[in-house]
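Okay, here's what each chain looks like letter by letter:
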Amino acid sequence: MAQVSAPPRERRRPPGRLKVYLGAAPGVGKTYRMLDEGRRRAERGTDVVVGFAECHRRPHTEKMLEGLEVVPRQRRSYRGMEVTELDLDAVLARRPDVVLIDELPHTNAPGVRNTKRWQDVEELLAAGIDVVTTVNIQHLESLNDVVEKITDVPQRETVPDEVVRRAHQIELVDMPPEALRRRMAHGNIYAPEKIDAALSHYFRVGNLTALRELALLWLAERVDETLQRYRADHGIGGVWETRERVVVALTGGPEGETLIRRAARIAARSAGGDLLAVHVARSDGLVGASPAALARQRQLVETLGGSYHTVVGDHVPAALLAFARAENATQLVVGVSRRGRLLRWLTSQGVGDSVVEGSGDIDVHMVTHERAGRGRALPVPGSGLSRTRRIAGPVAGFVLPVLLTLLLRAVAGPLDLNLTSETLLFLLAVVGVACIGGVISALLASLTASLLLNYTFIPPIGRFTVYEANNILALVVFALVAVTVATVVDGSQRLSRRAASATAEAETLSSLAGGILRGELDVPVLLERTRETFGMASVELRPRHRESEAVRPAASRGNGDGIAVPIGADSELVLRGRPLPATEHRVLTAFAAHLTAAVERARLAEAAAEIEPVKAADRMRTALLAAVSHDLRTPLAGGWAAVSSLRSRDVSFSEEDREELLATAEESLAKLNRLVDNLLDMSRIQAGALTLHLQPTALAEILPLALDSLPEAPADPVAVQDVADAPAVLADPPLLERVIANLVANAARHSPAGRPVTVAASVLASRVELRVIDRGPGIRQQDRERAFAPFQRLGDTDNTTGLGLGLALSRGLTEAMGGTLSPEDTPGGGLTMVVSLPAAPVPPRACPADLRAP
């Protein structure tokens, strides 16, 4: 029987790799570098196509397209204009090895399958196609608000940092600010009419320097993540001094602030140095660790730009060094011991000395302070047994009685000691050994001392025999006292260890609670805090069923199943790394409880976010009902009274009275019409149902129409500056007219006599700013945002001036058109309302990318 073979399946391609050219500002040459790489790859035989390249009418950039295959763009009609977008389906059908796509944060026009271009890129990567793209630092989501504060220019198109971080390669396209400004001045970035405004605003030297520093620091963090991952994958434990990282050890003592400031000065000596403060909570821990002091020290560290960490470790020096090596620290700052010389000589080696011995290639700074040598930082002997004391105890139990025997034999003649004195001295030696090594050492010492005492000092001397009953009783009491003292000492040690362990747990839980009170409620923050506290390689919050998607990993290192702790009903916390002793499981349970609460809070926050629009609509309806009860009644009553009077047959009106009543009715109905229009528009804005027809609009044409539509003519003529020379904006003409009319009417109402309202226009980068300036009382800084809330009349004492929708409606209409409306202080007193709208695009010259066939 013949077999029919199935057609071969297409081999699934592995996911594509992403390369990002990162720039600090427009014009540094990202698109040029992207196209240059495409040409070089094509020359090596790689199948390269251009999916989207924005030429910006720059001849050198357009020339780089020569010889590259360009996928035709798809064309879309958007707001009355034709725009071109990346044709994702065409690129997927073409299936090249590499595709070049410019402007990763770009927002696609309506009708395109994905909202953002980076989502298009992710589809291409999933299909196994490598992508080379470009992005500016101001478009990263985490830095968006920082850049806006620096440049005063909002960036509405952003890309999540994680999308860029996942790139296989990120290359910085750098240029000094002076060189970039020269490029701008030579016309290599913007059109000539925009150069002066750009150089005096966005492209100032200070702005460009700050943006360049942000780009360098962000990329340095990304490189550092890659380095840490490489070190973990290859098991590299040594310190690589790629950048200065200074770790300061805190005990919670009064010297902490001195150590922190010294460590901050050390970190500040090198650009980009990191400051990390760490407190080790251990089972035989440090005494004197005040939670309040640690909280103050944590606040100081964060004020100085550092980070605070708490780790759990049984051996403080080992825990400190393990943390420092895990963070690739280059320097470790430790305070000089607070113990006196005698206590240091009697007890085990101090933390600082142990850290110095085991530091290896980490530089250790032993910093003196005013408390050095004036107090105790470690417990006295008996509060815990170190490894050294566990070894020294049995040795002392044998050696000390022998040495005491030799000493007593040497001084027997001059001192003439009797048996009672000799027995007490041996008993004192046994008690000393018990304090050093515990019960086992005390038993060994008592046995050795009994034999030596019997052989050397109890007649018959030189033989292990006892003739007198008193001597037998003395030996029995001697052994009982030794064992009793050792038992008490050992019990004291156990209680001390338990108390110290409870103190360490309390410190850890106090630190956790303090972080929660400070607002560290996010699940990723708590996961990272858990990993640091327990010294784990990785911590992960995942569903209990493997088939479900994991919630969020805190780290990717570590293999094996690890330790699993239930989190809620359907999740579990998995820790990978070292095994946890039973005493630490109690603390871990507390962390798990906080994580459970954090996960539940996140779910409740999502539910609350879904309900918030409904609540906002309810608040709007409540405010509307409260406002219309009076404001609509006045024009209705006036118009009704006028019409009723005219229809009355009981009164005969003169022609002048009839005209006056008709004028009253007309004025009342016109006012009512304006109020209803404002209410309808406000409701459309709130519902997101406002219909826009954006098109290039000249301010010089709209301003006269807006002034003519004012309900009342201003007492002083409105002054106009530079409006005729302003470029056209992309706006809806009727809506823009209403915005300007509302703002001018509001300014005229508050301007004093003889101080006319001024309307001025200017250009800032790719936007046009229209300023409505008055010389009135202005608005206090804390009241400015409230002024834009619906149904607010700041400073008004009556309800006869409208619903208080003017500024709220103006801002809503402006933002609907892609602009912003913000208040500023007028120099010399008053308020300036700034309307910022995107400039209408100049019809571009045909780009070779659009003319070349695939």
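Note that the structure is predicted; figures quoted are calculated from it, not measured.

**Structural notes on the packing of aromatic side chains**
Then, number 1: The final tally for this structure, using the stated rule, is zero aromatic pairs.
Then, number 2: When the ring centre of Phe52 is taken as origin, the NZ or CZ atom of Arg73, which lies over that ring, is 4.0 Å away.
Then, number 3: The ring of Phe52 carries the charged tip of Arg117 above its face, separated from the ring centre by 3.9 Å.

**Some remarks on the side chain of Gln74**
Then, number 1: If you trace the backbone, Gln74 turns up in strand β4 (residues 74-78).
Then, number 2: The class of Gln74 is buried, set by a relative accessible area of 17%.
Then, number 3: A polar atom in the side chain of Gln74 sits 3.1 Å from the side chain of Arg76.
Then, number 4: Within the structure, Gln74 has its side chain in polar contact with the backbone oxygen of Leu86 (distance 2.8 Å).

**With respect to helix α5 (residues 144-151)**
Then, number 1: Among all positions of α5, only Asn144, Val147 and Thr151 are buried. Viewed along the axis of α5, the buried residues span an arc of 65 degrees, placing them on a single side of the element.
Then, number 2: Within two residues after α5, Asp152 carries a phi angle of roughly 65 degrees, on the positive side.

**Some points on the confidence of the model for the protein chain**
Then, number 1: Chain-level pLDDT for the protein chain is 75 on average; 72% of the residues reach the 70-or-more range.
Then, number 2: By mean pLDDT, strand β15 (residues 552-553) is the weakest element of the protein chain at 41, and strand β6 (residues 98-101) is the strongest at 95.
Then, number 3: Between residues 283-288, whose pLDDT stays under 50, and residues either more than four places distant or in other chains, the model counts 16 contacts.

**Looking at the sheet that holds strand β3 (residues 69-70)**
Then, number 1: With respect to topology, six strands assemble into an open sheet ordered β3-β2-β6-β7-β1-β8, the strand pairing being parallel. Because the sheet does not close on itself, it has two edges, and the strands there are β3 and β8 (169-173).
Then, number 2: Bridge analysis of strand β2 (residues 48-52) against β6 gives four bridges, and the strand direction is parallel. Across the sheet, Phe52 pairs through a bridge with Ile101, a residue of β6.
Then, number 3: Contacts between helix α4 (residues 117-126) and the sheet are confined to β1 (18-23), β2, β6 and β7 (130-136), with β6 contributing the most and set at about 175 degrees to the helix.

**As for the side chain of Thr832**
Then, number 1: With respect to the helices and strands, the residue Thr832 is situated in strand β24 (residues 831-838).
Then, number 2: A distance of 2.6 Å separates polar atoms of two side chains, one belonging to Thr832 and the other to Thr826.
Then, number 3: Contact partners of Thr832, with chain neighbours within four places excluded, come to Arg771, Val772, Ile773, Ser822, Pro823, Glu824, Asp825 and Thr826.

**Concerning the pairing of strand β23 (residues 820-825)**
Then, number 1: Here β23 runs beside β24; their pairing, made up of six bridges, is antiparallel. Counterpart to Ser822 in the pairing with β24 is Val834.
Then, number 2: In this structure, the hairpin formed by β23 and β24 is closed by a connection of five residues, where Gly828 is found at a positive phi of approximately 95 degrees.

**So, the packing of helix α12 (residues 316-326) against helix α14 (residues 351-358)**
Then, number 1: Where α12 meets α14, the closest approach of the two axes is 9 Å, and the angle between their N-to-C directions is 45 degrees. The angle between α12 and α14 places the two elements in the oblique class. As for how α12 packs across α14, the hand of that crossing is right-handed. Judged by residue contacts, Val316, Pro317, Leu320, Leu321 and Arg325 of α12 engage Val351, Ser354, Val355 and Gly358 from α14.
Then, number 2: For the contact of α12 with α14, a count of residues per class yields six nonpolar, two polar and one charged.

**Quick word on the environment of Gly352**
Then, number 1: Of note, Gly352 is situated in helix α14.
Then, number 2: A relative accessible area of 10% places Gly352 in the buried class.
Then, number 3: Separated by 18 residues in the primary sequence, Gly352 and Val334 have C-alpha atoms spaced 6.3 Å apart.
Then, number 4: Excluding its chain neighbours within four sequence positions, the residues that come into contact with Gly352 are Val334 and Met366.

**Focus: the pattern of salt bridges**
Then, number 1: Counted by the stated rule, this structure contains 17 salt bridges.
Then, number 2: Measuring nitrogen to oxygen at the nearest pair gives 2.7 Å for the salt bridge that ties Lys19 to Glu37. Of the two residues, Lys19 is situated in strand β1 and Glu37 in helix α1 (residues 30-43); the sequence distance between them amounts to 18 residues. Here Lys19 and Glu37 have matching classes, each one buried.
Then, number 3: Notably, a salt bridge pairs Arg298 with Glu302, separated by 3.1 Å at the nearest N-O pair. On the criterion of helical spacing, the pair formed by Arg298 and Glu302 is a turn pair, its members being four residues apart in helix α11 (residues 291-303).
Then, number 4: Assessed through its relative accessible area of 5%, Arg298 is described here as buried.
Then, number 5: Linked through salt bridges whose partners overlap, the residues forming this network are Lys19, Arg33, Glu37, Arg41 and Glu171.

**Considering a nonpolar patch on the surface**
Then, number 1: On the surface, Ile391, Val395, Phe398, Val399, Leu403, Leu406 and Leu444 cluster together into a nonpolar patch covering about 640 Å² of accessible area.
Then, number 2: For the nonpolar patch, the element with the highest residue contribution is helix α15 (residues 387-415), accounting for six residues.
Then, number 3: With respect to the helices and strands, Leu403 occurs in helix α15.

**So, a negative patch on the surface**
Then, number 1: On the surface, a cluster of negative charge is contributed by Glu655, Glu656, Asp657, Glu659 and Glu660.
Then, number 2: On the secondary structure map, Glu659 appears in helix α21 (residues 655-687).

**Focus on the packing of helix α22 (residues 699-708) against helix α23 (residues 733-750)**
Helix-helix packing: each pair is described by the crossing angle between the helix axes and the interaxial distance.
Then, number 1: Interaxial distance between α22 and α23 falls to 8 Å at its minimum, and their mutual angle equals 55 degrees. Considered as vectors, α22 and α23 are oriented oblique to each other. Between α22 and α23 lies a crossing whose hand is right-handed. When α22 is examined against α23, the residues Leu699, Ile702, Leu703, Leu705, Ala706 and Leu707 are found in contact with a partner set consisting of Pro733, Leu736, Glu737, Ile740, Ala741 and Val744.
Then, number 2: The residue makeup of the contact of α22 with α23, split by class, is eleven nonpolar, no polar and one charged.

Each value, and the rule that gives it
- Residues numbered from 1 in each chain as written.
- Predicted model: local features only at pLDDT ≥ 70, side-chain atom pairs only at ≥ 80, totals over all residues.
- Heavy atoms only, no water.
- Phe/Tyr/Trp six-rings, centres within 6.5 Å; stacked < 30°, edge-to-face > 60°.
- Lys NZ or Arg CZ within 6 Å of the ring centre and 35° of its normal.
- Helix = DSSP H or I, 4+ residues; strand = E, 2+ residues; numbered from the N terminus.
- Buried < 20%, exposed > 50% of the residue type's maximum accessible area, 1.4 Å probe, protein only.
- Polar contact = N/O pair within 3.5 Å; in protein donor to acceptor, adjacent residues only side chain to side chain.
- Arc of directions from axis to C-beta.
- pLDDT = per-residue confidence, 0-100.
- Contact = heavy atoms within 4.5 Å.
- Pairing = 2+ DSSP bridges.
- Axes fitted to C-alpha atoms, helices over the stretch in contact; angles between N-to-C directions.
- Parallel < 35°, antiparallel > 145°, perpendicular 65-115°, else oblique.
- Left-handed = near helix turned anticlockwise from the far one by under 90°.
- Nonpolar A, V, L, I, M, F, W, Y, C, P; charged D, E, K, R; others polar.
- Salt bridge = Lys/Arg side-chain N within 4 Å of Asp/Glu carboxyl O.
- Patch = residues over 30% accessible without salt bridge, like charges linked within 9 Å, V, L, I, M, F, W, Y side chains within 5 Å.
- Areas by Shrake-Rupley, 256 points an atom, 1.4 Å probe, with all protein chains shown as cover.
- Lys, Arg positive; Asp, Glu negative; His and termini not counted.
- Charge placed at Lys NZ, Arg CZ, Asp CG, Glu CD.

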